[in-house]
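Below are the chains, spelled out letter by letter.
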Amino acid sequence: METATFTNSRGESVKFADAPFYLQEITGLGDVSAQIQSQKSPFQDGSTYLDAILDEREIGIKFLIVADNSQSYGDVSKMRTQVARILNPKLGPGILRYENDAVVRIITCVADGVPEYPDGSDRVEKIQSASVSLVAHNPFWKSLAIEEEPAFKPLFQFPFSQPFQMGIQRDERIIDNNGDAPAPLQIEFFGPALNPMILNRTTNQIIKVNQELLEGERMIIDTDPDDFGVYFVDEKGNARNVMHWLDLDSSLSTFRLTLGENEIAYTADSNVQGAILNLSWKKLYNAV
């Protein structure tokens, strides 16, 4: 069974499945064209491939508003108003959740207009035919969040019974991205740690924070274009934007899990007792 649930920026949802909002058809589960980027040199036969850029995704939903035996045309009218309110494009992008017996995928999208409610034979006393078109500016379907838990734990803790040398803490792991595109990450650095850094050895990209995090403090870094941000959270849970704490060599806007295996390393300078790094991410798919 297919279901499609749209949740707007206010947290209001409408589910298209069975009555009262019976899902008839959903399109745009694949169906995204690509612009092939190429260049041509003088006297070159053909051209040289550079990249492929996916266009926006258009998703169409056809559904029926169906009243039960105890309801009237007035109830159908109220449900039309309800759907139009939830899908109001003036509220900005929302989340569409598509689900069938095999997969669950989500995508950020916005209605390109108010839902259409045809008259005539498409509307009777207790049934209203309807349709709406959605635009996903980021064309990739996403999996539900994948939590790398526990991600990184300290290699040593106090107290020590033997002599030791302060310095760099390292921890590494392999993360396999078997989606269809490089995937953004949400990164959480937990204190105590001095100048924590995450490194993707596969792509040679880093994100480093030039700051000491104390016990109970953390950094939240999101490289997803839809939720891009760098925030410091103190021990009381207060958050503030601290983009200026990032090291200039950080690859914030392009830090991704590339396709295939990624060798991820966590390092920090001294004061790393109990330091932890957590990662979460979503796989990206061209189609459902």
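Located above this text is the structure these notes cover.
K.L.:
Looking at this model, I keep getting lost on the overall build of the protein. Mind explaining?
P.N.:
For the protein, the helix and strand inventory stands at one helix and 22 strands. Looking at the 288 residues of the protein, the share that counts as buried comes to 42%. Carbon and sulfur atoms form 48% of the exposed surface of the protein, whose accessible area is close to 15400 Å².

K.L.:
Would you mind showing me how to read the packing of aromatic side chains here?
P.N.:
Two numbers describe a pair of aromatic rings. These are the distance of the centres and the angle of the planes. Overall, the coordinates contain five aromatic pairs when judged by the stated rule. Ring centres of F16 and F21 lie 6.4 Å apart, and the angle between their planes is 70°; on these two criteria the pair is classed as edge-to-face. Accessibility assignment for this pair places F16 and F21 in one class, buried. Counting every residue linked through ring pairs, the aromatic cluster contains F16, F21 and F63. Lying over the aromatic face of Y117, R80 brings its terminal NZ or CZ to 5.9 Å of the ring centre. Above the ring of Y285, the side-chain terminus of R105 is found at 4.0 Å from the ring centroid.

K.L.:
What exactly am I supposed to notice about helix 1 (residues 73-86) here?
P.N.:
Residues three or four positions apart in an α-helix share a direction because the helix packs 3.6 residues into each turn. Taking 1.5 Å as the rise per residue, helix 1 with 14 residues should run 20 Å; its terminal C-alpha atoms sit 20 Å apart, in good agreement. V76, M79, R80, V83 and I86 are the residues of helix 1 that are buried. Projection of helix 1 onto a plane perpendicular to its axis shows the buried side chains occupying an angular sector of 135°, all on one side. The exposed residues of helix 1 that point more than 90 degrees off its buried face are K78 and T81. Lining the buried residues of helix 1 we find strand 1 (3-7), strand 2 (13-16), strand 3 (21-27), strand 6 (57-66) and strand 9 (127-136).

K.L.:
I'm lost on the pattern of salt bridges in this one. Help?
P.N.:
Between side chains of opposite charge, a pair can form when the charged atoms approach closely. Taken as a whole, this structure holds eight salt bridges when the rule is applied. The partner of R201 in a salt bridge is E263, and the shortest N-O contact between them spans 3.7 Å. Remark: E263 occurs in strand 20 (residues 260-269) and R201 occurs in the loop between strand 14 (193-200) and strand 15 (205-208); sequence separation between them is 62 residues. Classification of R201 as partly exposed rests on a relative accessible area of 31%.

K.L.:
I tried to follow the nonpolar core on my own but got confused; where do I start?
P.N.:
The biggest cluster of nonpolar side chains holds 29 residues, and the ones touching the most others in it are F16, I61, L96 and L134. Going through the elements one at a time, strand 1, strand 2, strand 3, strand 6, helix 1, strand 7 (94-99), strand 8 (104-111) and strand 9 are the ones with two or more residues in this core. If you look at the next biggest cluster of nonpolar residues, it comprises 26 residues, including L185, I207, L213 and V242.

K.L.:
Just to check I follow, could you spell out unusual backbone geometry for this structure?
P.N.:
With the exception of glycine, most residues fall at negative phi, and the peptide bonds are largely trans. Going from A19 to P20, the amide bond is cis rather than trans, its omega being 10°. Positionally, P20 belongs in the loop between strand 2 and strand 3. Here the residue pair G191 and P192 is connected by a cis peptide bond, since its omega of 5° sits within 30 degrees of zero. Relative to the assigned elements, P192 resides in the loop between strand 13 (185-190) and strand 14. Backbone geometry places D31, a non-glycine residue, at a positive phi of 55°. Relative to the assigned elements, D31 resides in the loop between strand 3 and strand 4 (34-39). By relative accessible area, which is 66% here, D31 ends up exposed. Despite not being glycine, F43 shows a phi value in the positive range, around 70°.

K.L.:
In this structure, what is going on with the pairing of strand 9? I would like to understand it.
P.N.:
Taken residue by residue, a regular strand's side chains alternate between the two faces of the sheet. The buried fraction of strand 9 amounts to seven of the ten residues, a majority that puts the element mostly inside the structure. Pairing geometry for strand 8 and strand 9, over two bridges, is antiparallel. Across the sheet, residue V110 finds its bridge partner in strand 9, namely V135.

K.L.:
I tried to follow the pairing of strand 1 on my own but got confused; where do I start?
P.N.:
Among the five residues in strand 1, four count as buried, and that is most of the element. Relative to strand 7, strand 1 is paired through five bridges, and the arrangement is antiparallel. Residue pairing for strand 7: T5 is matched across the bridge by R97. Summarising the sheet, strand 1 and strand 2 pair through four bridges and their orientation is antiparallel. Counted as the bridge partner of F6 is V14 from strand 2.

Reading guide: rules and limits
Residues numbered from 1 in each chain as written. Predicted model: local features only at pLDDT ≥ 70, side-chain atom pairs only at ≥ 80, totals over all residues. Heavy atoms only, no water. Helix = DSSP H or I, 4+ residues; strand = E, 2+ residues; numbered from the N terminus. Buried < 20%, exposed > 50% of the residue type's maximum accessible area, 1.4 Å probe, protein only. Areas by Shrake-Rupley, 256 points an atom, 1.4 Å probe, with all protein chains shown as cover. Phe/Tyr/Trp six-rings, centres within 6.5 Å; stacked < 30°, edge-to-face > 60°. Lys NZ or Arg CZ within 6 Å of the ring centre and 35° of its normal. Expected span 1.5 Å × (residues − 1). Arc of directions from axis to C-beta. Contact = heavy atoms within 4.5 Å. Salt bridge = Lys/Arg side-chain N within 4 Å of Asp/Glu carboxyl O. Core = buried A, V, L, I, M, F, W, Y, C linked by side-chain atoms within 4.5 Å. Pairing = 2+ DSSP bridges.

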